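Chain by chain, the residues run as shown.
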Amino acid sequence: MDWGFNAPGVILWWAHVGDGHWHIVRELKFQHETADTVAGRWKAVMKELGVTRVSYVAADPSMWAKTGHGKGESIAETLQRHGMPMLKGDNDRKNGWQRCHELLRLAPDGLPWLTVDATCVYGLRSLPAQVSDKR
């Protein structure tokens with residue numbers, strides 16, 4: 001999960017499909033919405049997918065900062081209060097880029113390590129625009 005208020009935020013549902021392969025099943029893009037509203041939308045997607053439990057929602061560690069968005073809670077605490085099992089993600093960009101490159105390669109079985117559902121239009125549109133700065 002990447003939080004966004006002024007800029008878009010997104011939640012991705014990843015499914016392990018065996019032998020180290022992953023499929024991004026769904027995306028939820030949001031902007032100018034409160035944490036309470038996003039949590040409600042997350043629950044609606046969970047219900048629509050028929051998913052009763054997720055292991056965790058990996059999120060930007062900055063979501064645990066108390067920014068004064070409301071109720072004296074951090075954004076992550078608000079989402080946790082609504083039942084989202086939040087986990088601080090790792091912002092190590094160098095290793096993150098390496099992992100992305102690995103996932104986008106073909107596995108030894110000839111299949112991609114990662115596939116993305118065609119309904120994830122935001123991700124499919126924005127992924128090719130992601131670039132790495134040499135600095």
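Please refer to the structure higher up on the page.
None of the values given here were measured: they were computed from a predicted structure.

A. Representation of the pairing of strand β2 (residues 21-30) within the structure. The element β2 is extensively covered by neighbouring structure, given that seven of its 10 residues are classed as buried. For strand β1 (residues 9-18) and β2, the ladder comprises nine bridges, and the chain directions are antiparallel. When the bridges of β2 are listed, G9 appears paired with F30. Remark: two residues form the turn of the hairpin made by β1 and β2, two consecutive strands paired antiparallel; D19 in that turn has positive phi of roughly 55°.

B. Region of interest: unusual backbone geometry. Although it is not a glycine, D19 sits at a positive phi angle of roughly 55°. Along the polypeptide, D19 turns up in the loop between β1 and β2. Among the residues examined, D19 registers a relative accessible area of 70% and is labelled exposed. A positive phi angle is found at H32, which is not glycine, with a value near 60°.

C. Layout of the pattern of salt bridges. As enumerated under the stated definition, the model contains six salt bridges in all. Between D36 and R81 there is a salt bridge; the shortest N-O distance is 3.4 Å. A residue pair is termed long-range when its members are at least 10 positions apart, and D36 in helix α1 (residues 35-49) and R81 in helix α2 (residues 75-81) qualify at 45 residues. A relative accessible area of 25% places D36 in the partly exposed class. Judged by relative accessible area, R81 falls into the partly exposed class, the value being 43%. The salt bridge partner of R81 is E73, with a shortest N-O separation of 2.9 Å.

D. Layout of the packing of aromatic side chains. In total, this model carries two aromatic pairs according to the counting rule given. Residues W3 and F30 carry aromatic rings whose centres are separated by 5.1 Å and whose planes lie at 45° to one another, so their mutual orientation is tilted. You can see W3 sitting in the segment before β1 and its partner F30 sitting in strand β2, a full 27 residues away along the chain. When sorted by exposure, W3 lands in the same class as F30, which is buried.

E. Layout of the state of the cysteines. The tally for this structure, following the rule as stated, stands at zero disulfides. With no disulfide of its own, C100 lies closest to C120 among cysteine sulfurs, the gap being 15 Å. You can call C120 buried: its relative accessible area is 1%.

F. Region of interest: the sheet that holds β1. Ordered in space as β1-β2-β5, the three strands form an open sheet in which the pairing is mixed. Edge positions in the open sheet fall to β1 and β5 (114-116), since each of these has one partner strand only. The sheet shows a mean angle of 30° between the axes of neighbouring strands, taken without regard to direction. Relative to β5, β2 is paired through three bridges, and the arrangement is parallel. Each residue of the ladder has a partner; that of I24, found in β5, is V116.

Cut-off values and rules
Per chain, the residues get numbers from 1 upward, laid out in the order the sequence is written. The model is predicted, so local features are restricted to residues of pLDDT at least 70 and side-chain atom pairs to those at 80 or more, both for listing and for counting; the totals for chains, interfaces and linings are taken over all residues. The side-chain quantities take in all heavy atoms of the structure and omit both hydrogens and water. Throughout, exposure labels follow a simple rule: accessible area from a 1.4 Å probe, protein chains only, divided by the maximum for the residue type, with under 20% read as buried, over 50% as exposed, and the rest as partly exposed. Strands here are runs of E lasting at least two residues and helices are runs of H or I lasting at least four, both read from the DSSP assignment and numbered beginning at the N terminus. Pairs of strands are assigned from DSSP output, requiring at least two bridges between the strands. Here, a salt bridge means any Lys or Arg side-chain nitrogen found within 4 Å of an Asp or Glu carboxyl oxygen. To pair, rings of Phe, Tyr and Trp, with the six-membered ring standing in for Trp, must have centres within 6.5 Å; the planes then decide the type, stacked if under 30 degrees apart, edge-to-face if over 60, and tilted in the middle. The rule for a disulfide is simple: a pair of cysteine sulfur atoms within 2.5 Å. Orientation is described by lines fitted to C-alpha atoms, with helices fitted over the stretch in contact, and by angles between N-to-C directions that extend from 0 to 180 degrees.

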